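Okay, here's what each chain looks like letter by letter:
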There are 2 protein chains.
Amino acid sequence: MVVLKSVSEVRAWRRRVRADDASVGLVPTMGAFHQGHLSLIRRAVADCDVTAVSLFVNPTQFGRGEDLESYPQDLERDVELASREGVDVLFAPPTANMYAEGYATWVEVERLTTGLCGRFRAGHFRGVTTIVLKLLNVVQPDRAYFGEKDYQQLAVIRRMVQDLDLECEIVGMPTIREPDGLAMSSRNAYLSPEQRRAALVLPRSLTKARQLIESGQRSAGKVLRAVKSRFAAEPLASLQYAEIVDPDTLEPVERCDRDVVIAAACLVGDTRLIDNQMVKLRERA
Amino acid sequence: MVVLKSVSEVRAWRRRVRADDASVGLVPTMGAFHQGHLSLIRRAVADCDVTAVSLFVNPTQFGRGEDLESYPQDLERDVELASREGVDVLFAPPTANMYAEGYATWVEVERLTTGLCGRFRAGHFRGVTTIVLKLLNVVQPDRAYFGEKDYQQLAVIRRMVQDLDLECEIVGMPTIREPDGLAMSSRNAYLSPEQRRAALVLPRSLTKARQLIESGQRSAGKVLRAVKSRFAAEPLASLQYAEIVDPDTLEPVERCDRDVVIAAACLVGDTRLIDNQMVKLRERA
């Protein structure tokens, strides 16, 4: 595995790969790899002739007062893990290489970015779509891999790739969870043992919500009240939002009579956690 | 020459061209070809192994009350002209192929788009950058050609291509003029004979401004007053703006002691015309 620091090095590598007619997979990350990242990397390595992983803590997707400065970083360990998984290129650019002096260009996806996390993280998705487009342009992958845990991000990126006529397949991969159900996240490292226990209200309330729909509850309002009442019983966690939305448009639904996504965000102390459950209904009643 | 109507046809063509390792030039146009377009096409045909010309009257770069409905169109003549110049592919998609149902993604270049024409055409440059990025993604040219007559557009596109890490060379080509000095524009067709004569105040006042700087005038304010006084003497034309700006940042300058661009827009009747003059100062005094 080679570690490349500049756009021009990645371009030179990409030209060589194109000459070999090899398929290229990209896994965009902010580092601090956990099993979720590794599941994406393994799938890319299995799917593609060569795999690139980008590691860039993208400042433009953090809002004011968010955790840009404290975001976990461990480049040495990430290099070791990626290398062991058979990654070919780790692209870890300095910020000045991605956002040079005078940088002025932003990609915005309308509608899908206004609800859910978009209501609480102004500018977040603009930063995400801009950096992902840049990474897709530099690496020019045939496939790029994203976790379903960041469900809104995945839907927004799919929309962007389709709208901008990019020829890259976006592959969504299932959320990887701790044995007790908490979705893997680099931010879980912020939690104290007590907070870590309290955080379970997030996956448990969403699992309960999914089960309610699967067993016939069709009223989104009633399902969401069940989520809220679980949060009301957990003093260390405060719910930021819980919504039931269309899987593609992310528009809230009133009736759970088709495939939906139940998505929620909460604060545990200062730590913001998100999770979601997809509900696939065999029959559409 | 083939005329292609869909993104998927262009992609299939592009794959064949890539297999041949041929260089690709793109000339994005809104059709109604005049000598300005033809100069871009000739340069692309001369520079590149294969040349694609796109012909798309992009609705998202027209503001409310602008001339989208009346914009000149003559596909048959354009096809004939492009074919005669040795163009390989004319890409003329229907609007629904470029902006499908649910379209939601926009590219914005900050700062460079707020002054000059940006003050008078809200959303215009967002429409331009979005469609140009889409065309670059579909055609994947090695070089794309734009006229210097739309100077702000050229600077904005250069900025976008650099910021988004696109590997495409943007080639700016000199403004082509009628024998009496009026810059070629599809919109010149809107002018009555009397308006056509009045429109000469635009190129003439800008030429005068350039000459003032070249002969030593360093005050941007004084140069612009000379432009305004020429417009004051032409009752059929009203100046929208005249500015002297940095060629890259488009920031207004006060002192003309380095390379600058003098840019202006005016209305002649309902017809909006733009023009500019680049001033290259050998010494920077």
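The shown structure was predicted, so the numbers you read here are calculated from the model rather than taken from an experiment. (Residues numbered from 1 in each chain as written. Chains lettered and ligands numbered in written order. Predicted model: local features only at pLDDT ≥ 70, side-chain atom pairs only at ≥ 80, totals over all residues.)

### Brief notes about the overall build of chain A
Broken down by element type, chain A carries nine helices and ten strands. Relative to the 2.2 N^0.38 estimate, which gives 19 Å for 285 residues, the radius of gyration of chain A is 19 Å and therefore close to what a compact globule would have. Expressed as lengths along the three principal axes of its C-alpha atoms, the size of chain A is roughly 55 × 40 × 40 Å. A buried classification covers 40% of the 285 residues belonging to chain A. (Helix = DSSP H or I, 4+ residues; strand = E, 2+ residues; numbered from the N terminus. Rg over C-alpha atoms; globule rule 2.2 N^0.38 Å. Buried ≥ 20, exposed ≤ 12 C-beta atoms within 10 Å, placed from the backbone.)

### What about the domain arrangement of chain A?
All names here are of chain A. What the domain assignment lists for chain A is domain 1 (2-173) and domain 2 (186-276). Each partner contributes to the interface: domain 1 provides 13 residues, whereas domain 2 provides 14 residues. Here the side of domain 1 that touches domain 2 is composed, by residue class, of eight nonpolar, three polar and two charged. (Domains from an automatic or database assignment. Contact = placed C-beta atoms within 7 Å. Nonpolar A, V, L, I, M, F, W, Y, C, P; charged D, E, K, R; others polar.)

### Here we look at the sheet that holds strand β4 (residues 89-91) of chain A
All names here are of chain A. Overall, parallel pairing links the six strands, which are arranged β1-β4-β3-β2-β6-β7 in an open sheet. One side of each edge strand has no neighbouring strand; the edge strands of this open sheet are β1 (2-4) and β7 (169-173). Adjacent strand axes in the sheet meet at a mean angle of 25°, parallel and antiparallel pairs treated alike. Where helix α1 (residues 7-19) meets the sheet, its contacts fall on β1, β2 (24-29), β3 (50-55) and β4, and the angle it forms with β1 comes to roughly 130°. Docked against the sheet, helix α5 (residues 124-139) engages β2, β3, β4 and β6 (143-147), running at close to 150° with respect to β2. (Pairing = 2+ DSSP bridges. Axes fitted to C-alpha atoms, helices over the stretch in contact; angles between N-to-C directions.)

### Remarks on the interface of chain B and chain A
Every contact between the two is made by 23 residues of chain B and, on the other side, 23 residues of chain A. Looking at the side of chain B that touches chain A, the elements with two or more residues in it are α1 (7-19), β5 (105-109), α5 (124-139) and α6 (151-163) of chain B. At five residues, the largest contribution of residues to the side of chain B that touches chain A is made by β5 of chain B. With five bridges connecting them, strand β5 (residues 105-109) of chain A and β5 of chain B associate as antiparallel partners. Directly across from Glu-108 of chain A, in β5 of chain B, lies its bridge partner Trp-106 of chain B.

### Some remarks on the pairing of strand β2 (residues 24-29) of chain B
Residues and elements named next belong to chain B. Judged by how many residues are buried, β2 sits mostly within the fold: six of six residues are covered. Here β2 shows no split at all, with Val-24, Leu-26 and Pro-28 on one side and Gly-25, Val-27 and Thr-29 on the other all buried. Taking the sense of rotation as the criterion, the β-α-β connection linking β2, helix α2 (residues 35-47) and strand β3 (residues 50-55) turns out right-handed. Of the pairings in the sheet, the one linking β2 to strand β6 (residues 143-147) comprises two bridges and is parallel in character. Within β6, the position partnered with Leu-26 by the bridge is Ala-144. (Right-handed = clockwise from strand over helix to strand, strands pointing away.)

### Some thoughts on the environment of Asn-97 of chain B
Mapped onto the elements, Asn-97 of chain B comes out in helix α4 (residues 95-98). The residues touching Asn-97 of chain B, leaving out its near neighbours within four places in the chain, are Ser-6 and Val-7 of chain B.

### Some points on the packing of α5 of chain A against helix α6 (residues 151-163) of chain A
Geometry of a packed helix pair, given as the angle between the helix axes and the separation of the axes. Residue and element names in this part refer to chain A. Interaxial distance between α5 and α6 falls to 10 Å at its minimum, and their mutual angle equals 50°. Here α6 runs oblique to α5, going by the angle between their axes. Classified by chirality, the crossing of α6 by α5 is right-handed. From α5, Phe-125, Val-128, Thr-129, Val-132 and Leu-133 reach across to α6, where they touch Gln-153, Val-156, Ile-157 and Met-160. Broken down by class, the residue content of the contact of α5 with α6 amounts to seven nonpolar, two polar and no charged. (Parallel < 35°, antiparallel > 145°, perpendicular 65-115°, else oblique. Left-handed = near helix turned anticlockwise from the far one by under 90°.)

### Thoughts on the nonpolar core
Judged by nonpolar contacts, the single largest core of 146 residues is most densely connected at Val-139 of chain A together with Val-139 and Ala-264 of chain B. Leaving out residues up to four positions away in the same chain, Val-139 of chain B has contacts with Val-10, Arg-14, Val-24, Leu-26, Ala-52 and Phe-91 of chain B. (Core = buried A, V, L, I, M, F, W, Y, C linked by C-beta atoms within 7 Å.)

### So, the sheet that holds strand β10 (residues 271-279) of chain A
All names here are of chain A. With antiparallel pairing, the three strands of this open sheet are ordered in space as β8-β9-β10. Across the chains shown, the open sheet's two edge strands, defined by having one partner strand only, are β8 (237-245) and β10. Across the sheet, the mean angle from the axis of one strand to that of its neighbour is 15°, orientation sign disregarded. Bridge count for strand β9 (residues 260-268) against β10 is nine bridges, and the pairing is antiparallel. Within β10, the residue paired with Val-261 across the bridge is Met-278.

### Side note on the relation of the copies chain B and chain A
Of the transformation placing chain B onto chain A, the axial shift is 0.0 Å and the rotation is 180°, giving an RMSD of 0.0 Å. Taken together, these values place the two copies in the relation of a two-fold axis. If distances are taken from each C-alpha of chain B to the rotation axis, the shortest is found for Val-107 of chain B, at 2.3 Å. Most of the interface of chain B is mirrored in chain A, where 100% of its interface residues are also at the interface. (Least-squares fit on C-alpha atoms with pLDDT ≥ 70 in both.)

### Re the environment of Leu-136 of chain A
Residue and element names in this part refer to chain A. Structurally, Leu-136 can be placed in helix α5. According to the C-beta neighbour criterion, Leu-136 is buried, with 24 such atoms within 10 Å. Through-space distance from the C-alpha of Leu-136 to that of Leu-166 is 8.7 Å; in sequence the pair is 30 residues apart. Other than its neighbours up to four places away in sequence, Leu-136 contacts Pro-141, Ala-144, Leu-166 and Cys-168.

### Describing the environment of Arg-272 of chain B
Residues and elements named next belong to chain B. With respect to the element layout, Arg-272 can be found in strand β10 (residues 271-279). The exposure class assigned to Arg-272 is partly exposed, which follows from the 18 C-beta atoms found within 10 Å. As for Arg-272 and Gln-240, which are separated by 32 residues in sequence, their C-alpha atoms are 8.9 Å apart. Setting aside its immediate chain neighbours within four residues, Arg-272 contacts Arg-187, Ala-265 and Leu-267.

### Focus on helix α8 (residues 201-214) of chain A
All names here are of chain A. The terminal C-alpha atoms of α8 lie 20 Å apart, and with 14 residues this matches the ideal 20 Å at 1.5 Å per residue to within 8%. By the burial criterion, the buried members of α8 are Val-201, Leu-202, Pro-203, Ser-205, Leu-206, Ala-209, Arg-210, Leu-212 and Ile-213. Gly-216 occupies a position one or two residues after α8 and carries a positive phi of about 115°. (Expected span 1.5 Å × (residues − 1).)

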